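This is what each chain is made of:
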Amino acid sequence: MKRIKSSIQILLAAATLLVAGQAFASEGVDLPYRFKPDPDNQASVQRGARNFMNYCSACHSMRNLRYNRLGQDLGIPDDMLKADLMFTSDKISDHIISAMPGDEADAWFGKAPPDLTVESRYRGPDWIYNYLLTFYVDPKRPLGTNNIVLPNASMPDVLWELQGLQVLKESAAEGEDKEAEHGEPQFELATKGKLSPEEYKQFVADTTNFMVYAGEPGRAHRLAVGKKVLLFLLVFTVLAYLMKREWWKDVH
Ligand code: HEC
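The structure displayed is predicted, hence computed values, not measured ones.

K.L.:
Quick one: what's the story with the UniProt feature "binding site: heme c" (unreviewed entry) in the chain, residue by residue and with numbers?
P.N.:
Within this structure's numbering, the places UniProt gives as "binding site: heme c" (unreviewed entry) are Cys56, Cys59 and His60. From this annotated list, the subset lining the largest pocket comprises Cys56, Cys59 and His60. Tracing the chain through its elements places cysteine 56 in the loop between helix 2 (42-55) and strand 1 (62-66). Residue position: cysteine 59 is located in the loop between helix 2 and strand 1. Sequence-distant contacts of cysteine 59, defined by excluding residues within four places in its chain, comprise Ser98, Met100, Phe109 and Pro113.

K.L.:
Tell me about the coordination of the iron atom of the ligand, and name the residues and values.
P.N.:
Protein ligation of the iron atom of the ligand involves His60 (NE2) and Met155 (SD), the donor distances falling in the range 2.0 to 2.1 Å. Every donor counted, the six donor atoms about the iron atom of the ligand form angles of 88 to 178° at the centre, which fits octahedral coordination. With histidine 60 in the loop between helix 2 and strand 1 and methionine 155 in the loop between strand 4 (145-147) and helix 8 (160-163), this pair connects stretches of sequence that are 95 residues apart.

K.L.:
Let's hear about a nonpolar patch on the surface: which residues, and what values?
P.N.:
On the surface, Leu231, Leu234, Val235, Val238, Leu239, Tyr241 and Leu242 cluster together into a nonpolar patch covering about 690 Å² of accessible area. Relative to the elements of secondary structure, leucine 242 occurs in helix 11 (residues 219-248). A relative accessible area of 43% means that leucine 242 is categorised as partly exposed.

K.L.:
Explain the site of the ligand to me, using residue names and the numbers behind them.
P.N.:
The environment of the ligand is formed by 22 residues, the closest being Cys56, Cys59, His60, Glu119 and Met155. Here lysine 111 contributes a side-chain N or O atom positioned 3.1 Å from an oxygen atom of the ligand. In the model, an oxygen atom of the ligand is placed 2.6 Å from a nitrogen or oxygen of the glutamate 119 side chain. Because more than half of its atoms lie within 2 Å of the grid, the ligand is assigned to the largest pocket. It is helix 7 (residues 125-133) that contributes the most residues to the shell around the ligand, three residues altogether. Residues of the shell around the ligand, tallied by class, amount to 17 nonpolar, two polar and three charged.

K.L.:
I'd love a proper account of the nonpolar core, names of residues and values included.
P.N.:
Met53, Met62, Leu65, Leu70, Tyr200, Phe210 and Tyr213 are the most contacted members of the largest nonpolar core, which has 41 residues in total. Ranked by the residues each element gives to this core, the list is headed by helix 10 (residues 197-215), at eight residues.

K.L.:
Lay out the environment of serine 120 with the relevant residues and their values.
P.N.:
Topologically, serine 120 is positioned in helix 6 (residues 119-122). Filtering out sequence-adjacent residues up to four positions away, serine 120 remains in contact with Pro125, Ile128, Met211, Val212 and Gly215. Within polar-contact distance, the side chain of serine 120 engages the backbone oxygen of methionine 211 at 3.0 Å.

K.L.:
Tell me what's going on with the layout of surface pockets, and back it up with residues and numbers.
P.N.:
Space left empty within the atom packing is revealed by a probe, the size of a water molecule, rolled over the atoms. One number sums up the size of the largest pocket: a volume of about 640 Å³. Secondary structure elements with two or more residues in the lining of the largest pocket: helix 2, helix 6, helix 7 and helix 10. For the lining of the largest pocket, the element with the highest residue contribution is helix 7, accounting for four residues. By residue class, the composition of the lining of the largest pocket is 23 nonpolar, four polar and three charged.

K.L.:
With reference to specific residues and values, describe the packing of aromatic side chains.
P.N.:
Inspection of the entire model under this criterion finds nine aromatic pairs. Aromatic pair tyrosine 200 and phenylalanine 203: ring centres 6.2 Å apart, planes at 10°, arrangement stacked. With tyrosine 200 and phenylalanine 203 both in helix 10 and three residues apart, the pair spans about one turn of that helix. Cluster of aromatic residues (ring-pair linked, three or more members): Phe52, Phe210 and Tyr213.

K.L.:
Requested: an account of the packing of helix 7 against helix 10, with residues and values cited.
P.N.:
For the pair helix 7 and helix 10, the least separation of the axes is 9 Å and the interaxial angle reads 145°. Read as a crossing pair, helix 7 and helix 10 show a hand that is right-handed. Residue-level contacts link Pro125, Ile128, Tyr129, Leu132 and Leu133 of helix 7 to Tyr200, Lys201, Val204, Ala205, Thr207, Thr208, Met211 and Val212 of helix 10. Residue classes in the contact of helix 7 with helix 10 are distributed as ten nonpolar, two polar and one charged.

Definitions and cut-offs
Residues numbered from 1 in each chain as written. Predicted model: local features only at pLDDT ≥ 70, side-chain atom pairs only at ≥ 80, totals over all residues. Heavy atoms only, no water. UniProt positions renumbered as here; feature names shortened; annotations may be inferred. 1 Å grid on protein atoms, 1.4 Å probe; cavity = no way out; pocket = protein on both sides within 12 Å on 5 of 7 lines; lining within 4 Å. Helix = DSSP H or I, 4+ residues; strand = E, 2+ residues; numbered from the N terminus. Contact = heavy atoms within 4.5 Å. Donors = N, O, S within 2.8 Å, 3.2 Å for Na, K, Ca; no water. Tetrahedral: all angles 85-135°; square planar, octahedral: opposite > 155°, others 65-115°. Patch = residues over 30% accessible without salt bridge, like charges linked within 9 Å, V, L, I, M, F, W, Y side chains within 5 Å. Areas by Shrake-Rupley, 256 points an atom, 1.4 Å probe, with all protein chains shown as cover. Salt bridge = Lys/Arg side-chain N within 4 Å of Asp/Glu carboxyl O. Buried < 20%, exposed > 50% of the residue type's maximum accessible area, 1.4 Å probe, protein only. Near = heavy atom within 4 Å. Polar contact = N/O pair within 3.5 Å; in protein donor to acceptor, adjacent residues only side chain to side chain. Sits in = over half its atoms within 2 Å of the grid points. Nonpolar A, V, L, I, M, F, W, Y, C, P; charged D, E, K, R; others polar. Core = buried A, V, L, I, M, F, W, Y, C linked by side-chain atoms within 4.5 Å. Points joined across faces, edges and corners; volume = space filled by probe spheres on them. Phe/Tyr/Trp six-rings, centres within 6.5 Å; stacked < 30°, edge-to-face > 60°. Axes fitted to C-alpha atoms, helices over the stretch in contact; angles between N-to-C directions. Left-handed = near helix turned anticlockwise from the far one by under 90°.

Have a look at this one:
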């Protein structure tokens, strides 16, 4: 009886944790855009690395990732790595550290840009994807822009030249709800960007895929080893079964 009671307690505790975890994950605003991360798409992750180094690494570091690890994992030769991706240092064994001094960043933005190595595990890929898609013009903010998923973000809309400048549609700006019926925010492109909306979404998807890779660089290796281990266990089970039959054959 005691045992049953404690099993029920354990089950209840597990259920509570699960519910609490989900509540935490969905904390804050709904995410208007859907995104399915694909860190196994090497071409996309490579493009994302280039995007990150060009548009983000001036402010954000990835302290737990080294350039040469990145090069090895993504199949980028050292000379290309140096020429195309390394702007803040020239030793390929260096960690990815932004050029921005912390104190000054505090003064400029009111908040230092956080390290982004494990951001994809902290916020989740779909949060990042939505964050980069939902900057909009807001004259009430010091930098003139705001963000749907991180309200009053102190990060400038650094990709505006690519995306263009979007404003919330009148109806959405007046009402509390900034989302249209089908879930996507009611934005209007006030100034066109260098990329079309589709191209910009691809740019953001690539950047997010790169950040998912950075959150767990060993993922591809883990999956490959995992498959081999499973295959081994399968073969071993068959062999063990055959051996067992052979050994017990005379006993029965
Ligand atoms: C000019 C400096 C600057 C650049 C360039 C920049 N950021 Fe930021 N970023 C910031 C600051 C400052 C914050 C802190 C915002 C806040 O919390 O209000 C931030 C916050 C973020 C966050 C949210 C962190 C969190 O969980 O709260 C993400 C994600 C992010 N940046 C991604 C990017 C990406 C991707 C790029 C490149 C496309 C980029 N940033 C370029 C300054 C910058």
